[in-house]
Amino acid sequence: MSIPTHYNPENVEDKWYAYWMAHNYFHSEPDNREPYTIVIPPPNVTGVLHMGHMLNNTIQDVLIRRARMKGFNACWVPGTDHASIATEAKVVAKLKEEGIAKADLTREEFLEHAWEWTHKHGGIILEQLKKLGASCDWQRTKFTMDDDLSASVISVFIDLYKKGLIYRGYRMVNWDPEAKTTLSDEEVIHIEKNAKLYYVKYLIEGTEDYITIATTRPETILGDTAICVNPNDKRFAHLAGKKAIVPVANRSIPIIADDYVDIEFGTGCLKITPAHDQNDKEIGERHNLEVIDILNDDATLNAKGLHYEGQDRFVARKNIVKELESLDNLVKIEDYATKVGTSERTGAVIEPKISAQWFLKMKDLSQPALDAVLDNDVQLVPDKFKNTYRHWMENVRDWNISRQLWWGHQIPAYFYADGVNDFVIANSIEEALPLAQEKTGNSALKISDLRQESDVLDTWFSSWLWPISVFDGIRYPENKEINYYYPTNDLVTAPEILFFWVARMIIAGYEYRDEKPFKNVYLTGIVRDKQGRKMSKSLGNSPDPIELMKKYGADGVRVGMLLTSPAGNDLPFDMELCQQGRNFSNKIWNAFRLVKQWEVDDAIDQPESAKVAIDWYTAKFQEALEETEQSYDKYRLSEALMRIYKLIWDDFSSWFLEMVKPEYQKPIDAKTYAAVIAFFEENLKVLHPFMPFLTEEIWHLFKDRTPEEALIIEAYPKQEVYNENLLQEFDFASEVITNIRSIRKEKQISFKETINISVLKNDAAADTFTSVIKKLGNIETFSTVLEKVDKALSFRVQSVEYFIPVENAVNSEEEKAKLTDELKYIKGFLKSVQGKLSNERFVNNAPEQVIAIERQKEADALAKIKTIEESLGSL
RNA sequence: GGGCGGUUAGCUCAGCUGGCAGAGCACCUCGUUUACACCGAGGGGGUCGGGGGUUCGAACCCCUCAUUGCCCACCA
């Protein structure tokens with residue numbers, strides 16, 4: 001035998017990927033067919049493939065391959081995201097290693113480094129996706145900072161500004177002191193931390209009395225500009241209008257009253273630091289308080305921090321606590337569990353900071369996007385995410401879209417002076433000049449008087465346009481491509497970015513196309529390790545996907561990932577799953593080997609067993625196809641895969657091939673052989689979306705194909721009506737076979753030894769599969785009898801009784817015990833059925849159908865009891 | 001603090017509008033049968049998180065408790 005017993009994916013995978021590429025099968029152009037479009041969630045351009053990508057992209061590939069085979073014009077658009085903050089952080093780190101500080105570079109110099117880095121690392125991840133088999137239209141590969149996409153981003157900014165939806169404001173924002181940029185609310189992760197609550201007393205000016213406040217951030221005392229109590233708090237009524245002395249700083253600040261203060265919490269007194277807390281800022285605005293910002297951009301204290309200048313905020317906290325203690329201003333310290341905001345990207349503790357930033361008004365923009373999901377115009381899978389989505393959308397706040405970074409889309413605002421609103425918005429500085437001249441009334445203004453905003457836009461401000469901008473539908477809303485491919489069909493992504501990205505894409509879709517960007521959103525779970533921990537680089541618990549594919553084959557890994565991964569459920573990943581996938585590859589490979597080695601003889605007749613086997617598998621395949629389609633419709637890919645897995649492993653290999661298998665070293669008839677090959681090919685087609693490489697390989701090994709032929713573009717099997725009766729009859733027959741095998745095992749009758757069997761004539765015993773029973777049971781004669789057979793082993797399937805006469809093997813005591821057990825069980829069953837049927841309320845209330853089923857069960861049980869009792873009697 | 005899920009076999013999960021608890025893997029037994037030991041045949045295994053209730057009948061509907069996960073949130 002020249003075909004190896006184990007499938008070796010190694011050379012196969014690269015070979016077929018190259019073949020598909022060479023024939024341009026992944027490429028799509030608008031035509032008369034119905035489109036089926038998926039845009040990839042663009043991975044970070046400098047990223048490396050991890051298990052999350054594997055899951056995500058396997059799903060997309062399954063969907064797109066199936067659509068392609070079903071005759072849609074399938075288009076999967078790949079690309080990468082510039083990932084402003086993440087990439088900039090990497091470049092900064094890399095420069096630091098080389099001894100270069102970002103601060104020493106000009107913007108242009110830094111961007112040169114960033115582009116160099118991008119060109120070097122960008123695209124690695126896309127190359128890795130090819131190993132997985134991803135059938136992306138690589139000719140359409142996009143990058144969020146390509147010229148056309150950048151132009152789209154800028155034009156959208158200008159448009160939204162003109163619509164009055166973008167404004168610049170002096171607001172309290174989330175400051176990441178490590179990346180030295182602001183973040184949107186969504187980029188802030190709240191983490192539970194054990195903190196301390198410090199009770200600090202402030203001297204009331206002109207008295208010997210003190211007032212005690214509680215704070216978690218004693219270092220901000222240096223920025224205090226008031227003490228605040230609740231106006232209804234009688235305890236502090238006498239302090240109205242008085243002043244307090246800030247410890248350490250020895251400044252005098254007013255004692256004010258505001259409803260915000262909770263009388264019950266802490267001491268009922270609050271220190272007000274408008275520069276470093278959102279609530280304090282609001283209270284400060286109501287009471288016209290001074291704002292003292294004590295922090296630098298890197299969260300060290302500035303000159304306002306007095307002798308703590310230069311110290312990090314946390315160092316200063318420790319030190320100021322010591323000083324307060326020595327000054328006798330510290331009353332006590334309590335443990336306190338609180339949640340602190342941290343940066344999604346750097347992990348740094350977020351500092352609330354007042355600064356001038358750009359915002360997008362979200363309320364009105366988001367309404368159509370909210371409705372679309374609530375009305376299922378955009379379908380979330382699973383739909384439990386609808387609640388989460390609604391909650392977020394109903395409470396959406398203005399989006400801080402500016403970042404104090406260099407890598408990204410620079411905001412097209414041109415300042416002619418230093419005021420918060422001393423700017424004009426334009427496509428270029430040349431276009432900005434006349435606008436600025438007009439706005440200022442100063443026609444002497446020159447280009448050199450203008451200065452472009454140095455901030456860039458939030459990464460998501462470009463990716464929210466992705467499904468439109470990859471087809472250049474922002475700049476050219478009527479272009480052929482966008483009109484053809486939009487709206488796309490499926491978006492496959494992680495729930496983590498439901499708000500960051502998915503919600504905003506829907507918003508942009510309605511704003512710029514007046515139409516949803518995709519029909520379905522498949523939300524994958526998080527890939528976790530066996531212990532349930534999220535797979536991450538820092539934990540080192542994530543296997544290298546490339547290594548995995550080397551070991552188990554890309555197909556094996558794909559199957560492993562999808563076998564147990566319902567939408568929205570986390571995937572507890574285990575190598576065993578890939579092993580199962582690999583084993584499945586091998587099973588199919590060996591089924592192929594078996595069939596391939598058969599010799600065909602035109603001259604011999606088709607046996608009856610093969611004839612019925614073919615009828616049966618025809619129906620079985622259709623049943624499986626129907627079930628598979630239903631699973632696909634519900635996006636239950638794991639179920640679809642499992643059904644195909646069982647179809648091929650159990651139905652096809654264990655049953656069908658065994659039924660048609662010719663005797664050892666004898667040829668197979670041509671008719672049966674043709675059917676076997678045809679079935680095998682149909683199996684390969686339904687499996688292809690899940691295991692593209694293996695199926696393509698075997699499909700080509702069966703026959704010589706023309707250079708234009710490939711499984712990837714074969715037509716997916718069509719659903720047809722099938723004979724359900726035949727399937728039921730077979731289920732009966734297979735139960736007979738199982739019983740025979742059981743008896744063989746029990747009585748240690750070798751399979752090589754033929755046996756005889758008799759069936760007691762009974763209307764329920766159909767004989768369609770008698771030839772199959774004979775073949776798979778290795779039966780010499782199969783006879784019908786009118787009376788029970790003495791001295792025989794017996795078994796019953798439903799109400800039909802079978803006998804196997806075996807010389808000397810019948811031990812009547814054993815038989816008796818066996819029958820008694822069987823009788824006991826069936827009587828118990830009958831009792832419960834009759835219990836129901838004798839319950840008047842059941843008979844009166846239950847639907848007719850249910851009662852009929854119960855009556856049938858009763859009759860069957862009675863018939864079976866009768867045969868068992870007779871057998872017992874005759875023993 | 002608010003909201004939303006989950007809790008079914010050792011593990012991962014199905015179980016549609018109430019009507020005999022399922023699958024895959026794992027496990028056990030047997031097997032050098034002429035595709036495959038990455039295999040075959042046969043088999044065991046569940047008080048459906050606890051407690052109430054509705055119903056002829058509850059894994060499924062209602063109440064309640066427990067537990068676990070996720071999302072949101074400016075109480076010092």
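Residues numbered from 1 in each chain as written. Chains lettered and ligands numbered in written order. Predicted model: local features only at pLDDT ≥ 70, side-chain atom pairs only at ≥ 80, totals over all residues. Heavy atoms only, no water.

Taken together, 62 residues lie near RNA strand B, and N279, T564, R593, W649 and K745 sit nearest. Each atom of RNA strand B within 4 Å of the protein was classed as base or backbone; sugar and phosphate made up 57%. With respect to RNA strand B, the backbone of F265 contributes an N or O atom lying 2.8 Å from a base nitrogen. Here a sugar or linking oxygen of RNA strand B and a side-chain polar atom of Q580 are 2.6 Å apart. (Near = heavy atom within 4 Å. Polar contact = N/O pair within 3.5 Å; in protein donor to acceptor, adjacent residues only side chain to side chain.)

Summed over all chains, the structure comprises 57 salt bridges. Across the pair K130 and E127 runs a salt bridge, and its minimum N-O distance is 3.1 Å. A residue pair is termed a helical-turn pair when its members lie 3 or 4 positions apart in one helix, as K130 and E127 do in helix α5 (residues 124-132) at three residues. In this structure E127 comes out as partly exposed when scored by relative accessible area, which is 47%. Of the charged contacts in the structure, one is a salt bridge between E623 and R643, with a shortest N-O distance of 3.8 Å. (Salt bridge = Lys/Arg side-chain N within 4 Å of Asp/Glu carboxyl O. Helix = DSSP H or I, 4+ residues; strand = E, 2+ residues; numbered from the N terminus. Buried < 20%, exposed > 50% of the residue type's maximum accessible area, 1.4 Å probe, protein only.)

Judged by nonpolar contacts, the single largest core of 193 residues is most densely connected at L360, F461 and F656. In this structure, F461 is in contact with V153, V156, F157, L160, I166, L360, W399 and I401, ignoring residues within four places of it in sequence. Formed by 29 residues, the second largest nonpolar core is a distinct cluster that contains I211, I227, I253 and L324. (Core = buried A, V, L, I, M, F, W, Y, C linked by side-chain atoms within 4.5 Å. Contact = heavy atoms within 4.5 Å.)

With that out of the way, let us pick up the sheet that holds strand β30 (residues 792-797). Taken in spatial order, the four strands of this open sheet run β29-β28-β31-β30, and their pairing is mixed. A single partner strand is all that each edge strand has here, and the edge strands are β29 (779-785) and β30. Along the sheet, successive strands turn relative to each other by an average axial angle of 25 degrees, direction set aside. Strand direction decides the pairing type here: β30 and strand β31 (residues 800-805), joined by six bridges, are antiparallel. For L793, the partnering residue across the bridge sits in β31 and is I804. Sheet strands touched by helix α24 (residues 770-777): β28 (755-760) and β29. Its angle to β29, the strand with the most contacts, is close to 140 degrees. Docked against the sheet, helix α27 (residues 848-874) engages β30 and β31, running at close to 170 degrees with respect to β30. (Pairing = 2+ DSSP bridges. Axes fitted to C-alpha atoms, helices over the stretch in contact; angles between N-to-C directions.)

Buried residues dominate strand β5 (residues 166-176), accounting for nine of its 11 residues. Pairing between β5 and strand β14 (residues 351-360): 10 bridges, direction antiparallel. Considered in β14, the bridge of R171 is made with S355. Bridging between β5 and strand β6 (residues 181-183) involves three bridges; their strand directions are antiparallel. Its bridge partner lying in β6, D176 is registered against T181.

As a further point, take the confidence of the model for chain A. Taken residue by residue, chain A gives an average pLDDT of 92. The fraction at 70 or more is 99%. The ipTM assigned to the predicted complex is 0.96, against a pTM of 0.94. (pLDDT = per-residue confidence, 0-100.)

Here the focus is the environment of E629. Residue placement: E629 occurs in helix α19 (residues 608-633). Considering only alpha carbons, one finds E629 and Q719, 90 residues apart in sequence, at a separation of 9.0 Å. When near neighbours in sequence (up to four residues on either side) are disregarded, E629 contacts R66, K70, Y716 and Q719. Separated by 2.9 Å, the side chains of E629 and R66 make a polar contact.

Per the stated rule, a full pass over the model turns up zero disulfides. Free cysteine: C228, not disulfide-bonded; nearest cysteine sulfur from C269 at 9.0 Å. Residue classification places C228 among the buried positions, given a relative accessible area of 0%. Judged by its relative accessible area of 6%, C269 is buried. (Disulfide = S-S within 2.5 Å.)

Pairing within the open sheet is antiparallel, and its three strands lie in the order β19-β18-β20. Lying at the two open borders of the sheet, with one neighbouring strand each, are β19 (423-425) and β20 (451-452). On the sheet, helix α11 (residues 429-440) packs against β18 (413-415) and β19 and is oriented at approximately 130 degrees with respect to β19.

Our next topic: the packing of helix α2 (residues 51-69) against α5. In the contact formed by α2 and α5, the axes pass within 11 Å of each other and the chain directions differ by 60 degrees. Compared by their axis directions, α2 and α5 come out oblique. Judged by the twist between their axes, the crossing of α2 over α5 is right-handed. Here H53, M54, N57 and T58 of α2 come into contact with α5, specifically with I125, L129 and L132. Across the contact of α2 with α5, the residue classes break down as four nonpolar, three polar and no charged. (Parallel < 35°, antiparallel > 145°, perpendicular 65-115°, else oblique. Left-handed = near helix turned anticlockwise from the far one by under 90°. Nonpolar A, V, L, I, M, F, W, Y, C, P; charged D, E, K, R; others polar.)

Once that is clear, we can look at the packing of aromatic side chains. Taken as a whole, this structure holds 45 aromatic pairs when the rule is applied. With a centroid separation of 5.3 Å and 45 degrees between ring planes, the pair formed by W589 and F592 is classed as tilted. Remark: F592 and W589 occur in helix α18 (residues 575-597); sequence separation between them is three residues, near one turn of the helix. Here F592 falls in the buried class, since its relative accessible area comes to 2%. Above the face of the F359 ring, R171 is positioned so that its terminal group lies 4.7 Å from the ring centre. (Phe/Tyr/Trp six-rings, centres within 6.5 Å; stacked < 30°, edge-to-face > 60°. Lys NZ or Arg CZ within 6 Å of the ring centre and 35° of its normal.)

Further remarks concern a negative patch on the surface. On the surface, E108, E109, E112 and E116 cluster together to form a negatively charged patch. Residue position: E116 is located in helix α4 (residues 107-121). (Patch = residues over 30% accessible without salt bridge, like charges linked within 9 Å, V, L, I, M, F, W, Y side chains within 5 Å. Areas by Shrake-Rupley, 256 points an atom, 1.4 Å probe, with all protein chains shown as cover. Lys, Arg positive; Asp, Glu negative; His and termini not counted. Charge placed at Lys NZ, Arg CZ, Asp CG, Glu CD.)

Summarising the element assignment, H688 is placed in the loop between α21 (670-687) and α22 (692-702). On the basis of relative accessible area, H688 is assigned to the buried category, the value being 0%. Residues in contact with H688, not counting those within four places in the same chain, are W20, R65, M69, T695, E696, L711 and I712.

Next up on the list: helix α10 (residues 385-394). Residues F385, K386, Y389, W392 and M393 constitute the buried set of α10. The buried residues of α10 occupy an angular sector of 135 degrees when the element is viewed end-on, so they sit on one face. Opposite the buried face of α10, at more than 90 degrees from it, the exposed residues are N387 and H391. Summarising the contacts, the buried residues of α10 are in contact with α9 (363-374), β15 (379-381), α15 (498-512) and β23 (518-523). (Arc of directions from axis to C-beta.)

With 12 residues, α9 extends 16 Å from end C-alpha to end C-alpha; this agrees with the ideal 16 Å at 1.5 Å per step. All of the buried residues in α9 are L365, S366, A369, L370, A372 and V373. Buried residues of α9, viewed axially, fall in a sector of 160 degrees; they line one side. The exposed residues of α9 that point more than 90 degrees off its buried face are K363 and D364. (Expected span 1.5 Å × (residues − 1).)

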